[in-house]
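As a plain string of letters, each chain reads:
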Amino acid sequence: MPAPVAAAPPNKPLSAPQKALHRLGLVRDIDLALHLPLRYEDETRITPLSEARDGQVVQLEGTVTRQEISHRPRRQLLVTLDDGSDTCTLRFFTFYPSHLKALAVGARVRVRGELRGGFLGRTIMHPAFHAAAGELPDALTPVYPASAQLPQAYLRKAVATGLRRADLDETLPPGLLRSLQEALHGQRVPLMSLREALQHLHHPGPEVSPDALEDRSHPAWQRLKAEELLAQQLSQLAAKRERDALRAPVLPVHAGGLHEQLLGALPFALTAAQRRVGEEIARDLARPVPMHRLLQGDVGSGKTVVAALAAAVAIDAGWQCALMAPTEILAEQHFAKLVGWLEPLLAPRGQRVAWLTGSQKKKQREQMLALVASGEAALVVGTHAVIQAQVQFRRLGLAVIDEQHRFGVAQRLALRSKTAAAQAAEPHLLMMSATPIPRTLAMSYYADLDVSTIDELPPGRTPIVTKVVSESRRAEVIARIRAQLAEGRQVYWVCPLIEESEALDLSNATATHAELSQSLDGVLVGLLHSRMPAAEKKAVMSLFSGGQMGVLVSTTVIEVGVDVPNASLMVIEHAERFGLSQLHQLRGRVGRGAAASACVLMYTPPEGGRLGETARERLRAMAETTDGFEIARRDLEIRGPGEFLGARQSGAPLLRFADLATDTHLLQWARGAAAEMLTGHPAAAEKHVARWLGNKAEYLKA
Ligand code: ADP
Ligand code: MG
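Computed from a predicted structure; not experimentally measured. (Residues numbered from 1 in each chain as written. Chains lettered and ligands numbered in written order. Predicted model: local features only at pLDDT ≥ 70, side-chain atom pairs only at ≥ 80, totals over all residues. Heavy atoms only, no water.)

**Student:** Looking at this structure, how should I read the overall build of the chain?
**Tutor:** Counting its regular elements, the chain contains 25 helices and 21 strands. For the chain, restricting intrachain contacts to residue pairs at least 6 apart in sequence, the fraction spanning at least 24 positions comes to 75%. (Helix = DSSP H or I, 4+ residues; strand = E, 2+ residues; numbered from the N terminus. Contact = heavy atoms within 4.5 Å.)

**Student:** What is the right way to look at the nonpolar core in this model?
**Tutor:** Here is a general trend for soluble globular proteins: nonpolar side chains tend to be buried in one another's company. Counting 67 residues, the largest nonpolar core has Leu262, Leu379 and Leu398 as its most contacted members. Counting 46 residues, the second largest nonpolar core, distinct from the first, contains Leu163, Val208, Leu224 and Leu237. (Core = buried A, V, L, I, M, F, W, Y, C linked by side-chain atoms within 4.5 Å. Buried < 20%, exposed > 50% of the residue type's maximum accessible area, 1.4 Å probe, protein only.)

**Student:** Sorry if this is basic, but what is going on with the site of ligand 1 here?
**Tutor:** Residues in close proximity to ligand 1 total 17 residues, the closest being Gln274, Gly300, Lys303, Thr304 and Arg461. The separation between a nitrogen atom of ligand 1 and a polar main-chain atom of Ala269 is 2.9 Å. Contact between ligand 1 and Lys303: an oxygen atom at 2.8 Å from a side-chain N or O atom of the residue. Alone, ligand 1 offers 560 Å² of accessible surface; in the complex the protein occludes 85% of this. (Near = heavy atom within 4 Å. Polar contact = N/O pair within 3.5 Å; in protein donor to acceptor, adjacent residues only side chain to side chain. Areas by Shrake-Rupley, 256 points an atom, 1.4 Å probe, with all protein chains shown as cover.)

**Student:** Looking at this structure, how should I read the side chain of Gln56?
**Tutor:** Mapped onto the secondary structure, Gln56 falls in the loop between β1 (39–41) and β2 (57–70). At a separation of 2.9 Å, a polar atom in the side chain of Gln56 contacts the main-chain amide nitrogen of Arg53. Setting aside chain neighbours within four positions, we find Gln56 in contact with Glu51, Gly113, Glu114 and Leu115.

**Student:** Would you explain the packing of helix α1 (residues 16–23) against helix α4 (residues 152–165) in this entry?
**Tutor:** For any two helices packed against each other, one specifies the inter-axial angle together with the distance between the axes. Taken N-terminus to C-terminus, the directions of α1 and α4 make an angle of 65 degrees; their axes are 11 Å apart at the nearest point. The angle between α1 and α4 falls in the class roughly perpendicular. Helix-helix and strand crossings are classified by hand; for α1 and α4 the assignment is right-handed. The segment α1 lies against α4, with Pro17, Gln18 and Leu21 engaging Tyr154, Leu155 and Ala158. A class-by-class count of the residues in the contact of α1 with α4 yields five nonpolar, one polar and no charged. (Axes fitted to C-alpha atoms, helices over the stretch in contact; angles between N-to-C directions. Parallel < 35°, antiparallel > 145°, perpendicular 65-115°, else oblique. Left-handed = near helix turned anticlockwise from the far one by under 90°. Nonpolar A, V, L, I, M, F, W, Y, C, P; charged D, E, K, R; others polar.)

**Student:** Sorry if this is basic, but what is going on with the packing of aromatic side chains here?
**Tutor:** Geometry of an aromatic ring pair is reported as the spacing of the ring centres plus the angle between the planes. Evaluated as defined, the whole model comprises six aromatic pairs. With a centroid separation of 6.4 Å and an interplanar angle of 80 degrees, the aromatic rings of Phe268 and Trp341 are classed as edge-to-face. Taken together, the residues span a long stretch of sequence, with Phe268 in the loop between α9 (258–265) and α10 (272–285) and Trp341 in helix α12 (residues 328–346) at a distance of 73 residues. Looking at Phe268, the relative accessible area reads 39%, which means it is partly exposed. Measuring from centroid to centroid gives 5.0 Å for Tyr492 and Phe544, while their planes differ by 55 degrees, and the two rings are tilted. With Tyr492 in strand β17 (residues 490–494) and Phe544 in helix α18 (residues 534–546), this residue pair connects regions lying 52 residues apart in the sequence. Phe544 sits in the buried class, given a relative accessible area of 0%. Through pairs of rings, three or more aromatic residues link up here, namely Trp221, Phe657 and Trp692. (Phe/Tyr/Trp six-rings, centres within 6.5 Å; stacked < 30°, edge-to-face > 60°.)

**Student:** Teacher, can you tell me more about the sheet that holds strand β21 (residues 597–603) here?
**Tutor:** Either a parallel or an antiparallel arrangement is found when strands of a sheet pair, and the pairing is made through backbone hydrogen bonds. Strands sit in the order β16-β21-β20-β17-β19-β18 across an open sheet of six strands; the sheet is parallel. Each edge of the open sheet carries a strand with a single partner, namely β16 (464–470) and β18 (525–528). On average, each strand axis in the sheet is tilted by 20 degrees relative to the strand beside it, whichever way the strands run. Pairing geometry for β17 and strand β20 (residues 567–572), over five bridges, is parallel. If you follow Val491 over to β20, its bridge partner there is Leu569. (Pairing = 2+ DSSP bridges.)

**Student:** What is the right way to look at helix α13 (residues 362–374) in this model?
**Tutor:** Since the α-helix advances by 3.6 residues per turn, residues separated by three or four positions end up pointing in the same direction. Here α13 spans 18 Å end to end across 13 residues, near enough to the 18 Å set by a 1.5 Å rise per residue. When we look at burial in α13, the residues that qualify are Arg365, Met368, Leu369, Leu371 and Val372. Projection of α13 onto a plane perpendicular to its axis shows the buried side chains occupying an angular sector of 160 degrees, all on one side. In this fold, the buried residues of α13 make contact with β10 (320–324), β11 (352–356) and β12 (377–382). (Expected span 1.5 Å × (residues − 1). Arc of directions from axis to C-beta.)

**Student:** Where do I start with the packing of helix α23 (residues 664–680) against helix α24 (residues 682–693) in this structure?
**Tutor:** As a packed pair, α23 and α24 sit with axes 5 Å apart at the nearest point and diverge in direction by 120 degrees. By the criterion of interaxial angle, the relationship of α23 to α24 is oblique. Facing Met677, Leu678, Thr679 and Gly680 of α23, the residues of α24 in contact are Pro682, Ala684, Ala685 and His688.

**Student:** How should I be thinking about α12 in this particular structure?
**Tutor:** At Val339, α12 shows its strongest bend, of approximately 40 degrees. Residues of α12 that are buried: Ile329, Leu330, Ala331, His334, Leu338, Trp341, Leu342, Leu345 and Leu346. (Bend = angle between axes of the 7 residues up to and from the residue.)

**Student:** Is there a simple way to explain the side chain of Arg110 in this structure?
**Tutor:** Topologically, Arg110 is positioned in strand β5 (residues 108–116). Judged by its relative accessible area of 8%, Arg110 falls in the buried class. There is a polar contact of 2.8 Å between the side chain of Arg110 and the side chain of Glu61.

**Student:** Help me understand the sheet that holds strand β9 (residues 292–297), please; the structure alone is not making it clear to me.
**Tutor:** Within the open sheet, the seven strands sit side by side as β11-β12-β10-β13-β14-β9-β15. Their pairing is parallel. Both edges of this open sheet fall to β11 and β15 (450–454), since each of them pairs with a single strand only. For this sheet the average axis-to-axis angle between neighbouring strands, irrespective of direction, equals 20 degrees. Packed on one face of the sheet, α10 meets β9, β13 (396–401), β14 (428–433) and β15 and runs near 155 degrees to β15.

**Student:** What is the right way to read the environment of Val564 from this model?
**Tutor:** Mapped onto the secondary structure, Val564 falls in the loop between β19 (551–554) and β20. Residue Val564 is classed as buried on the basis of its relative accessible area of 2%. As a C-alpha pair, Val564 and Gln490 span 74 residues in sequence and 8.8 Å in three-dimensional space.

**Student:** Can you help me understand the environment of Gln76 in this one?
**Tutor:** Its place among the elements puts Gln76 in strand β3 (residues 76–82). For Gln76, a relative accessible area of 2% translates into the label buried. Residues Gln76 and Phe92, 16 residues apart in the sequence, show an inter-C-alpha distance of 5.6 Å. Beyond its immediate stretch of four places on either side in the chain, Gln76 contacts Glu68, Ile69, Ser70, Arg91, Phe92, Phe93 and Phe95.

**Student:** Please explain the pairing of β10 as it appears in this structure.
**Tutor:** Residues in a regular strand point their side chains to alternate faces of the sheet. Counting buried residues in β10 gives five out of five residues, a clear majority hidden from the surface. Because side chains alternate across β10, one face comprises the buried residues Gln320, Ala322 and Met324, and the other comprises Cys321 and Leu323, equally buried. Sheet topology places β10 next to β13; five bridges connect them, and they run parallel. Within β13, the residue paired with Met324 across the bridge is Ile401.

**Student:** When you look at the confidence of the model for the chain in this model, what are you seeing that I'm missing?
**Tutor:** Chain-level pLDDT for the chain is 85 on average; 87% of the residues reach the 70-or-more range. Within the chain, the element-level pLDDT minimum falls on helix α22 (residues 641–650), averaging 42, and the maximum on α10, averaging 97. Contacts of residues 1–5 to residues separated by more than four positions or lying in other chains number 14 contacts, the stretch itself having pLDDT below 50. For residues 642–653, every residue scores under 50 in pLDDT, and the model assigns this stretch 33 contacts once sequence neighbours within four places are set aside. (pLDDT = per-residue confidence, 0-100.)

Take a look at the structure:
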């Protein structure tokens, strides 16, 4: 096999562009070959200025007739270019001595950029330029996704080399090539091979128009998408078959056992949906094969009790259960709830619930670790501290991961490999998520995951009313808070997330906290943010859940899991900066009791303008529905499924080319093809997965 193009010889450090290639994941020849152009530039022609329209992206060739550094209104380089038909100005706000040299008076240059009309005549801002020399290329020039340390020219060369050297031999057996051709029945054109498809997209012939290349229904795109989806399905199916070959403890439900006792002790009856998913989980637990199930249900749909019932089954069968939550606050709430439900039932059996987090005192931690190791702790609740090296379970039978998408893939893998070394049986795995994947997507895409859905809220909740208001009505919003407080209710105020700057985030929340403290005389207003020490967070939270604190100002740390039924109003400041599912999660913090609840989405339009289209769409969706699945569907519409699945569910973007919303026929083909290929052509299947996923394949199993 040829050496990867970007690899350095042994002992020689990587150059800056090589490092940049690695950072983009471009390590093997095939990675480079699959790094497709973002767009194409037409450098095949020179347009005379006299024929160019304003707003057109053009390539010009001419002579520099003037060069000047102007300081008004700010420092800039102005260059006049004369192409014989007319003149135009090239304008640079950042420039280096190399610019002055290359664009000296008298130089003949080729320039590319968008031509703009204007007060001072026609201008191109920051054009690309080089000395006018040599023939014009006879095909479109690919422009690749690059980075600051990775010059386009270097990347082009690397990709061309990768494309030339990569093994692009056919992996699909003839039968699957035929079925793929049939799946693409709409197309009369013959199926392209992978090699042809890549060749076409990297180096389109002179006759191909840029539009045709961007149209993803083109046979070259279809072939790539089919291959990509097949790789995903193959790797998931392989993971599933691997898992199916493992042994897990058989955990049956006993009449009169802990499961039944817990059901009897609950202060409410389960909803029909909770009963249904509970049975699905119980069926999995009773099989000698590890469960790999996602339990999805809207915020407040009651997933915790379902997890507690599953834990009861495991404990009754003599195994331990671990429950992991992404934040300390959330873990603590689970802990309180589970202790309340389970400890009265566990105590007579000499068992208890243990608690593990990063902020724990050493002594307490050691006590807990001992309980876990001896097995006396039948249930272990905590943050990612639960999967750290010192934690030794005696017999872990069930692991529950709450808000699973908030855990890194690496952490999820750690949980599995941890127990794999220590015991012969693999634990069952239950993942929970309040960020529902639209059902159709989940069913077809996750070959490797069983999905249970709670599609019903517990009774007695009053629907949340959502209002979208401009920041200019802040005073009215504060008056509304006062009215709620007067009725003995509590209020959340969520401050904007400023991604670039945690410090800014904080100063904003602090200012709002001061403002509200002042205008709400006699009310305890608290502040909660991610930088606070755990003990302080805990103190603030307990004041709020205890009812002494009227208003809680926070950054998004309250995003998941907080459960204070008396809170009836939530104000989200700069709501336009949040994503749709994030807004939905936040809103789910109110409407947990019987009182009528409201959510105020306060937005700030940009100075002198109005909100962008996507932001408006998001806020509209929030005002129109409170159904998590409908929200997920709209989110999908607004953002597209690639991003949806990528960022949310796996921690790494998984689908680069295929689009699950439009490529369902290809997905269907890939599902069937994967099963056939894995059974009938295992070597080709392995080659196909390695080609497409390389070292990422392991991640897909998590
Ligand atoms: P989530 O699915 O968002 O994790 P929780 O498990 O926190 O939801 O449940 C939300 C609230 O609803 C909790 O206070 C919980 O005790 C309560 N709850 C759960 N199931 C029911 C039910 N069947 N009837 C009434 N209340 C319930
Ligand atoms: Mg929850």
